[in-house]
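# Secondary and tertiary structure notes
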Amino acid sequence: MNHQMQGKICLITGGSDGIGYVASRELARMGARVVIVGRNSVKTEAAVQQIIADTDNPAVEYLLADLSSQREVRRVAAEAMELVPHLDVLLNNAGAIFLSGGRSVDGIEMTFALNHLSYYLLTNLLLEHLRKAPRARIINVSSCAHESPGRFRLEDLADPSGKGRYPAYKRSKLCNILFTYELARRLEGENITVNALHPGLVRTNIARNNGLLGRVVNFFIRVRGITPDQGAETPVYLAVSPEVEGVSGKYFVDCRPVPSIGMSYDAELAARLWDMSASLTAAGDPPAR
Ligand SMILES: NC(=O)c1ccc[n+]([C@@H]2O[C@H](COP(=O)([O-])OP(=O)(O)OC[C@H]3O[C@@H](n4cnc5c(N)ncnc54)[C@H](OP(=O)(O)O)[C@@H]3O)[C@@H](O)[C@H]2O)c1
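First, a word on scope: everything that follows refers to the structure included in this document. What you see is a predicted model; the values in this text were computed from it and never measured. (Residues numbered from 1 in each chain as written. Predicted model: local features only at pLDDT ≥ 70, side-chain atom pairs only at ≥ 80, totals over all residues. Heavy atoms only, no water.)

With 68 residues, the main nonpolar core has Leu11, Leu27, Leu126, Leu130 and Ile138 as its most contacted residues. Among the elements that line this core, the one with the most residues is helix H4 (residues 110–131), at nine residues. Setting aside anything within four residues of it in sequence, one finds leucine 130 in contact with Leu87, Asp88, Leu90, Ala136, Arg137, Ile138 and Ile192. Among the nonpolar cores identified, the runner-up in size contains 16 residues, and Phe112, Leu117, Phe152 and Leu174 belong to it. (Core = buried A, V, L, I, M, F, W, Y, C linked by side-chain atoms within 4.5 Å. Buried < 20%, exposed > 50% of the residue type's maximum accessible area, 1.4 Å probe, protein only. Helix = DSSP H or I, 4+ residues; strand = E, 2+ residues; numbered from the N terminus. Contact = heavy atoms within 4.5 Å.)

Here it is as structure tokens:
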């Protein structure tokens, strides 16, 4: 085991598969205590056992939640705070594509609920726990899909009757970046950094929720994509590397900061998205500026 992350505690959403699974395994290999948030007990337990077997690190645990449900996000945040004394790394990674739309149990457009609101709510609920670490890092997995969000109107994002489901995915990934930059501004002067990333086109089953069309999308990704090991390189880099100590409010591709689209730097838009997310989740007071 490489001991680079010895003594650090990392919470990773969507660690039961794909990029999150590999990131969890690599952080465990470096000696971190790893808490995976999965949603399927059999699959997540199997992932944890595999990681323990592969890394010889027994400090890998899991919690369960359907992160599209705000109630479950609140429950799992409370369980995480019971389980560990603080958090050094929060990797918001769980995400999906819903090509036929859908409505969360809270009545919110499914892609926006899972891909953006769960990041927003879980992060806010865990901020005090991140503040207890000497230095903490928040990492938000976005996508280059954010570059073509189409018509981006805040008032449409949560509407489950909206048309155009892949655009909903793209917009949710732009929200990840707007959220990252806004949170970085709010956390300025604190010992918590927050960055976003695009992992590359990665051979995972990300479109698995979508029947035959999803299988076609996953096939295309399998032919063109990089491996999950390669896809996890940038999130692991952001969790571990001393090169990004103190670096906050950036968007990374291939372990390098790169510009995101112009709209993502609109601080007024980001502040409005923050306020809307707060009212949709009634998350309580935002962190101090
Ligand atoms: N693959 C790509 O090419 C690509 C490109 C750019 C960005 N990304 C981003 O990378 C992140 C990870 O995606 P991936 O490609 O690794 O996909 P993946 O293999 O499908 O993994 C997604 C993970 O999220 C979990 N998840 C899905 N819905 C959930 C829910 N409602 N509640 C809790 N957990 C849930 C899944 O759990 P189960 O195991 O139970 O399904 C799985 O662990 C996503 O944010 C995605 O937008 C991926």
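With that out of the way, let us pick up the side chain of threonine 123. For threonine 123, the position within the fold is in helix H4. Exposure remark for threonine 123: the relative accessible area of 1% places this residue in the buried category. What threonine 123 contacts, discounting residues up to four positions off in sequence, is Leu90, Asn92, Ser118, Ile138, Phe179 and Leu183.

To continue, consider the environment of glycine 214. Along the chain, glycine 214 turns up in helix H7 (residues 211–224). Given the relative accessible area of 0%, glycine 214 is considered buried. For the pair glycine 214 and aspartate 106, spaced 108 residues apart in the sequence, the C-alpha separation amounts to 25 Å.

So, about the packing of aromatic side chains. The geometry of an aromatic ring pair is captured by two quantities: the separation of the ring centres and the angle between the planes. In the structure shown here, the tally under the stated rule is six aromatic pairs. Members of the aromatic cluster, each reached through a chain of ring pairs, are Tyr120, Phe179 and Trp274. (Phe/Tyr/Trp six-rings, centres within 6.5 Å; stacked < 30°, edge-to-face > 60°.)

Spacing of three or four residues puts side chains on the same side of an α-helix, whose turn is 3.6 residues. With 14 residues, helix H3 (residues 70–83) extends 20 Å between its outermost C-alpha atoms, agreeing within 8% with the 20 Å of an ideal straight helix rising 1.5 Å per residue. Within the sequence span of H3, burial applies to Gln70, Val73, Val76, Ala77 and Ala80. Down the axis of H3, the sector holding all buried residues measures 125°, keeping them to one side. Counted as exposed and oriented over 90 degrees from the buried face of H3: Arg71 and Glu82. Considering only its buried residues, H3 is in contact with strand S1 (9–13), strand S2 (33–38), strand S3 (60–64), H4 and helix H10 (267–281). (Expected span 1.5 Å × (residues − 1). Arc of directions from axis to C-beta.)

What follows covers the sheet that holds S1. What links the strands of a sheet is backbone hydrogen bonding, and the strands pair in either a parallel or an antiparallel sense. What the eight strands build is an open sheet, ordered S3-S2-S1-S4-S5-S6-S7-S8; its pairing is mixed. If you trace the sheet from one side to the other, it starts and ends with S3 and strand S8 (256–258), each paired once. Here the strands of the sheet are splayed against their neighbours by 25° on average, with no regard to which way each runs. Pairing geometry for S1 and S2, over five bridges, is parallel. If you follow leucine 11 over to S2, its bridge partner there is valine 35. This element, helix H2 (residues 41–55), spans S2 and S3 of the sheet and lies at about 170° to S3. (Pairing = 2+ DSSP bridges. Axes fitted to C-alpha atoms, helices over the stretch in contact; angles between N-to-C directions.)

Next up on the list: the packing of H4 against helix H6 (residues 165–186). Where H4 meets H6, the closest approach of the two axes is 8 Å, and the angle between their N-to-C directions is 15°. When the interaxial angle is binned, H4 and H6 end up roughly parallel. As for the relative orientation of H4 and H6, their crossing is right-handed in sense. Residues Thr111, Phe112, Asn115, His116, Tyr119, Tyr120 and Thr123 of H4 pack against Ala168, Tyr169, Ser172, Lys173, Cys175, Asn176, Phe179 and Leu183 of H6. Residue composition of the contact of H4 with H6, grouped by class: eight nonpolar, six polar and one charged. (Parallel < 35°, antiparallel > 145°, perpendicular 65-115°, else oblique. Left-handed = near helix turned anticlockwise from the far one by under 90°. Nonpolar A, V, L, I, M, F, W, Y, C, P; charged D, E, K, R; others polar.)

Before going further, it helps to spend a moment on the site of the ligand. In the vicinity of the ligand, 30 residues are found, and the nearest of them are Ser16, Lys43, Tyr169, Val202 and Thr204. Take lysine 173: an N or O atom from its side chain is 3.0 Å from an oxygen atom of the ligand. For the shell around the ligand, the secondary structure elements donating two or more residues are helix H1 (18–29), H4 and H6. Here the shell around the ligand is built from residues that sort into 12 nonpolar, 12 polar and six charged. (Near = heavy atom within 4 Å. Polar contact = N/O pair within 3.5 Å; in protein donor to acceptor, adjacent residues only side chain to side chain.)

Moving on, we come to the pairing of strand S4 (residues 89–92). In S4, alternate side chains face the same way, and those of Val89 and Leu91 on one face and Leu90 and Asn92 on the other are all buried. The pairing of S4 with strand S5 (residues 136–141) spans four bridges and is classified as parallel. Residue pairing for S5: leucine 91 is matched across the bridge by isoleucine 139.

Keep in mind these numbers describe shape, not what the thing actually does.
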